[in-house]
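# A structural walkthrough
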Amino acid sequence: MLGIVILGALSGVLGIGKAEAIELRGERVFAMNTLRCIRNGPQVEKRVALTFDDAPNGHTAEILAILDRFQVKATFFLIGAQVLRHPDLVQRIVAAGHEIGNHSFSHAFTRECPAESIKEDIERAEKAIVNSTGRLPLYFRPPEGLVTPAIERACGMTGYSLVTWSLDSEDWRAQTEDEIVERVLRDIHPGAIVLFHSLPRTVRALPRILCALLEAGYTCVPLSSLLE
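Please read all numbers here as calculations on a predicted model, not as lab measurements. (Residues numbered from 1 in each chain as written. Predicted model: local features only at pLDDT ≥ 70, side-chain atom pairs only at ≥ 80, totals over all residues. Heavy atoms only, no water.)

### Side note on the pairing of strand 11 (residues 193-197)
Counting buried positions along strand 11 gives 5 out of 5 residues, so the element sits mostly inside the fold. Burial of strand 11 is two-sided: the residues Ile 193, Leu 195 and His 197 facing one way and the residues Val 194 and Phe 196 facing the other way are all buried. Bridging between strand 5 (residues 47-55) and strand 11 involves 5 bridges; their strand directions are parallel. The residue of strand 11 that forms the bridge with Leu 50 is Val 194. Pairing between strand 10 (residues 167-168) and strand 11: 2 bridges, direction parallel. Paired with Asp 168 across the two strands is Leu 195, which belongs to strand 11. Once the chain exits strand 10 it traverses helix 6 (residues 177-187) before rejoining the sheet at strand 11, and the crossover so formed is right-handed. (Buried < 20%, exposed > 50% of the residue type's maximum accessible area, 1.4 Å probe, protein only. Helix = DSSP H or I, 4+ residues; strand = E, 2+ residues; numbered from the N terminus. Pairing = 2+ DSSP bridges. Right-handed = clockwise from strand over helix to strand, strands pointing away.)

### So, the packing of aromatic side chains
The tally for this structure, following the rule as stated, stands at 4 aromatic pairs. The interplanar angle of 20° and the centroid separation of 5.3 Å between the aromatic rings of Phe 52 and Phe 196 together place this pair among those described as stacked. You can see Phe 52 sitting in strand 5 and its partner Phe 196 sitting in strand 11, a full 144 residues away along the chain. Residue Phe 52 shares its accessibility class with Phe 196, and that shared class is buried. Ring pairs connect the aromatic residues Phe 52, Phe 76 and Phe 196, which therefore count as one cluster. Directly above the aromatic system of Tyr 218 lies the positively charged group of Lys 46, at a separation of 4.8 Å from the ring centroid. A cation sits over an aromatic face here: Arg 124 above Phe 105, 3.8 Å from the ring centre. (Phe/Tyr/Trp six-rings, centres within 6.5 Å; stacked < 30°, edge-to-face > 60°. Lys NZ or Arg CZ within 6 Å of the ring centre and 35° of its normal.)

### Considerations on the packing of helix 1 (residues 60-70) against helix 3 (residues 87-95)
It is the contact of helix 1 with helix 3, at a shortest axis distance of 10 Å, that shows an interaxial angle of 15°. One element, helix 1, and the other, helix 3, form an angle in the roughly parallel class. As helix 1 runs across helix 3, the sense of the crossing is left-handed. Facing helix 1, whose interface residues are Thr 60, Ala 61 and Leu 64, helix 3 presents Leu 89, Arg 92 and Ile 93. In the contact of helix 1 with helix 3, the residues fall into 4 nonpolar, 1 polar and 1 charged. (Axes fitted to C-alpha atoms, helices over the stretch in contact; angles between N-to-C directions. Parallel < 35°, antiparallel > 145°, perpendicular 65-115°, else oblique. Left-handed = near helix turned anticlockwise from the far one by under 90°. Contact = heavy atoms within 4.5 Å. Nonpolar A, V, L, I, M, F, W, Y, C, P; charged D, E, K, R; others polar.)

### Topic: the pairing of strand 5
Here strand 5 lies mainly inside the structure; 9 of its 9 residues are buried. Across 2 bridges, the pairing between strand 5 and strand 12 (residues 219-220) is parallel. Pairing of Val 48 across the sheet is with Cys 220, part of strand 12. Pairing of strand 5 with strand 6 (residues 75-78) involves 3 bridges; the strand directions are parallel. If you follow Thr 51 over to strand 6, its bridge partner there is Thr 75. The parallel pair strand 5 and strand 6, bridged by helix 1, forms a crossover whose chirality is right-handed.

This is the structure we're talking about:
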């Protein structure tokens, strides 16, 4: 299924001022009265953003080593509780020049969660990230890509751009790394925001994916560079 990206409160990324909601369906980003294509055209070319959810964990160091070997920058969406457990890994992500995003503190949102409790969870994760890195994340990605009116309101209250993805590697349910490689290379497109997780099979698949993307002329950039 085609992914959806929703961006809110973008004061500089798209140059349109603060917007309450921006939505990407297929090829188009809607922001108030602004419409912009990000899959094709001279601004996108063959650029993609690789994003890694649920970091940091025991496989983050391996992913960092692979990205460094291929000289690729990515975006890591951090879970606040895991930041507290692995502050050294978070600092390594930032020191290597990768981008960081907020992926909640608890990773436990449901459709019934009220905006105020979501806001508190987002702010708790933000505090852990800032205390560890000195950096304030630009983007928020909700657990499992769940988007509800309450999550949208919480992002508005905390000033975050809300981002999901346009290509799910499905590494979270793939049985082998071959499935991950085949899916990503089949569905990759200029402007893609690719979802990965910090999993053993992702670590095994990543070098093959990067080799193929670079050979095909793709450039992997942080999320902010793709959306600038």
